[in-house]
Structure formats: structure tokens, C-alpha cells
Amino acid sequence: MTGVPASAAGGPSAAKGGPAGAVSGAASGVAPSAPSDAVSATAAEVRAGAVPGVAVVAGAASEADSDSGARPPRGKKIAAAAVNQASVWNIANLLTMLRLVLVPGFVALMLADGGHDPAWRSFAWAAFAVAMITDLFDGHLARAYDLVTDFGKIADPIADKAIMGAALICLSGLGDLPWWVTLVILGRELGITLLRFLVIRYGVIPASRGGKLKTLSQGIAVGMYILALTGWLATARFWVMAVAVVLTVATGLDYVRQAIVLRRQGIAERKAALEETEA
């Protein structure tokens, strides 16, 4: 009985695309399908959803990749933190740092050559004037251009008290200003600063117009005492200092009053909130 060739009958080898089928195809002049074509077709079917299980796995993998990509790398977080820290070096804080640096220089100029040389006193007045002018600008710049930082909140009042305290102590130490004036002004400044910290849990005591006038009068009076003035200017600086002392005491008492009111209001609000919670 004559047998039919397996390639003609579509036997297992031809159906599976095995070696026999490849040989038969080559003998018949038909080229076998390339493996890369089969892989490409399979990939296309997966992308088209022809193979549901594989498509679901691939979709889950792509979602996981997108989720992980949405989270910023650790390096970017560190870089962002570095940028936030760099914001401390803004123009407002630099002016505050300049005032702090001027304090020892001012003291050295005030005490140079015995502390009574008109030329050195003029240089000391220039340093004091620069410190007072920067005090006017750093706060305005910080608020106007959103440059307020924790460093500025702490360093600015320290710089103010440092330059004013250094000037008053030097003047009293040289015998140009009575010690009781220095003690009144510095006692008021330190006391009000401490009072602000004590009542900060209840609120913030805003700066008043009287407080600004006090600062201005103190700056003018101390500046006039730093200069070696004579004649009517020496008499005028006495009265300017008298006005500064009066404003210092008056505004200090007003701050104490505001602190007492603020504390009472804060305690009353907390008591009312506690009663509502218990009810």
C-alpha cells in the first residue's frame, strides 16, 4: 500500500512547524514563518487585550510604575529642603546680620582713644546710624516680599536690643548719660520682650504707634549723645532723651495692660471651649 508523505497529509510535524515541516517547506519553495514575526504578533495581541491574563498583569505593572513615579525621589526631597534652608539668606536677614556684626565694631569705635575723641565718636555715630536705618528696612522687606523666617523673628529683636544696649552702656560708662536712664530703657525693653513670650500662648501683642515713636525718639536721642555736641545742641539732646524716656515708660505700661487683657480673654475662651466639650 502506497503511503502518503506526512507533509502532504498535514501530519504532526507539519502542524507543529517542526524540522520536517521546515524541510518540506524548503523543498516546496515556501519559506517558513520567522520566529520574530510570531513574537511581534503575540505582543500585539497582549497589547490589544487578546490575552486577558497577561494584559491584566501588564496593566498592573504599568500602574505600579506610574505610582512609584508619582512619588518624588529622595534626592529631590533633600534638594527641596536645601532650597528652604537657603531661603534664610535673604536680603532682610542679611540686614539683620549686618546689625549684629556692627555691634562689636560700634563698641570699639566708641571706646577708641579714651572714648571722648570727636573723630572716633563720629565714626561710631555712623555705625549706629547704619544699624538704625537697616532696622527700618529689614522688617518692611520681610513683610512686603514674603521673606519672613524663623531666624528673622528671633534675630531681629536681638539685633535691636544689642545695638541700643551697647550704645546706652557705653554712654553711661563714659559718663555722658546717667545710669538710671540706661537702666530704665533696657529694663523696659527686656521686660516687654519677656512679657511677649509669656502671653504668646494667648495671642500676639501688636506693635503700637506709641512704640514706633518710642523707637524713633530713642534712636535720635542716643545718636545725639554719641556725637560730641556742644552748645544748644547739647541742651536739645537732653530734652529729646527726656521725651524718649517718657515714651519708653508709657508704652511699657500700655504693653502690660494689653498683656493682662489678652491673658484674661485667652483664659475665658479656653474655659468656654472646655465647657462646650464637657456638655
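Residues numbered from 1 in each chain as written. Predicted model: local features only at pLDDT ≥ 70, side-chain atom pairs only at ≥ 80, totals over all residues. Heavy atoms only, no water.

### Focus on the overall build of the protein chain
Here is step 1: Within the protein chain one finds twelve helices and zero strands.
Here is step 2: Out of the 279 residues belonging to the protein chain, those deemed buried represent 28%.
Here is step 3: Restricting the contact set of the protein chain to residue pairs at least 6 apart, pairs at least 24 apart contribute 72%.
Here is step 4: Carbon and sulfur atoms make up 68% of the accessible area of the protein chain, which amounts to about 17,900 Å² in all. (Helix = DSSP H or I, 4+ residues; strand = E, 2+ residues; numbered from the N terminus. Buried < 20%, exposed > 50% of the residue type's maximum accessible area, 1.4 Å probe, protein only. Contact = heavy atoms within 4.5 Å. Areas by Shrake-Rupley, 256 points an atom, 1.4 Å probe, with all protein chains shown as cover.)

### Concerning the side chain of Arg237
Here is step 1: Looking at where Arg237 falls in the secondary structure, it is placed in helix H12 (residues 232–278).
Here is step 2: For the buried Arg237, no salt bridge is present, and the opposite-charge side chain at shortest range is Asp176, 5.8 Å distant.
Here is step 3: A distance of 3.2 Å separates the side chain of Arg237 from the backbone oxygen of Met224, its partner in a polar contact. (Lys, Arg positive; Asp, Glu negative; His and termini not counted. Salt bridge = Lys/Arg side-chain N within 4 Å of Asp/Glu carboxyl O. Polar contact = N/O pair within 3.5 Å; in protein donor to acceptor, adjacent residues only side chain to side chain.)

### Observations concerning the nonpolar core
Here is step 1: Counting 28 residues, the largest nonpolar core has Phe106, Met110, Phe128, Val222, Ile226 and Met241 as its most contacted members.
Here is step 2: Secondary-structure elements contributing two or more residues to this core are helix H7 (91–111), helix H8 (118–144), helix H9 (150–173), helix H10 (179–198), helix H11 (209–226) and H12.
Here is step 3: Among the elements that make up this core, the one with the highest residue count is H9 (seven residues).
Here is step 4: When residues no more than four places from it in sequence are discounted, the contact partners of Phe106 are Ala124, Ala127, Phe128, Ile163, Ala166, Ala167 and Ile226. (Core = buried A, V, L, I, M, F, W, Y, C linked by side-chain atoms within 4.5 Å.)

### A look at the confidence of the model for the protein chain
Here is step 1: On average, the protein chain scores 75 in pLDDT, and the residues at 70 or more come to 69%.
Here is step 2: Residue range residues 75–86 is modelled with pLDDT below 50. Its contacts to residues more than four positions away, or to other chains, number one contact. (pLDDT = per-residue confidence, 0-100.)

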